[in-house]
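Okay, here's what each chain looks like letter by letter:
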Amino acid sequence: QVQLVETGGGLVQAGGSLRLTCAAAGRTFSAYAMGWFRQAPGKEREFVAGISMSGIITYYADSVKGRITISRDNTKNTVYLQLNSLKPEDTAVYYCAADQSGLQSLRVGVRIDYWGQGTQVTVSS
């Protein structure tokens, strides 16, 4: 069992920045590809960013490329999502996810092993 706890959400003006943190407790953190998804009101949950078990490979949704950076620290069992140049359309609940099958599987999002409870990000115009 792995518990994922997200922190760092909040209200920010357009153009601002936030850093989300996902702390993992439980089994071996480095055995999981990690990622972030988001769900806006009335929309389906969508993939935002993912990082491989080693942290070497990252993937981003086209909508956030160049504005968002994912990173992980396997010594701290933590994954981060740096959000820059935020737009109102980035408003959503952001979820941390862990997938033991790897980054390609995580990007699809149908075999996620563990989800966090989510953290709200609200961007005002």
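Here, every reference points to the structure presented above.
A brief look at the structure comes next. Keep in mind that this is a model prediction, so the values were computed, not measured.

**What to know about the packing of aromatic side chains**
- Taken as a whole, this structure holds four aromatic pairs when the rule is applied.
- For the pair Y32 and Y114, a centre-to-centre distance of 5.9 Å together with 65° between the ring planes defines the contact as edge-to-face. In this pair, Y32 sits in the loop between β3 (18–26) and β4 (33–39) while Y114 sits in strand β10 (residues 114–115), placing the two residues 82 residues apart along the sequence.
- Plain terms: the ring middles of Y95 and W115 are 6.4 Å apart, the flat faces sit at 85° to each other, and that makes the pair edge-to-face. With Y95 in strand β9 (residues 92–99) and W115 in strand β10, the pair connects residues that are 20 residues apart, well separated along the chain.
- Its relative accessible area of 13% is what places Y95 among the buried residues.
- Clustering of aromatic rings is evident, with ring pairs tying together F37, F47, Y95 and W115.
- Geometry around Y95 places R45 over its ring, the cationic atom sitting 3.8 Å from the centre.
- Positioned above the aromatic ring of Y59, the side-chain terminus of R107 is 4.0 Å from the ring centre.

Parameters at a glance
Residues numbered from 1 in each chain as written. Predicted model: local features only at pLDDT ≥ 70, side-chain atom pairs only at ≥ 80, totals over all residues. Heavy atoms only, no water. Phe/Tyr/Trp six-rings, centres within 6.5 Å; stacked < 30°, edge-to-face > 60°. Helix = DSSP H or I, 4+ residues; strand = E, 2+ residues; numbered from the N terminus. Buried < 20%, exposed > 50% of the residue type's maximum accessible area, 1.4 Å probe, protein only. Lys NZ or Arg CZ within 6 Å of the ring centre and 35° of its normal.

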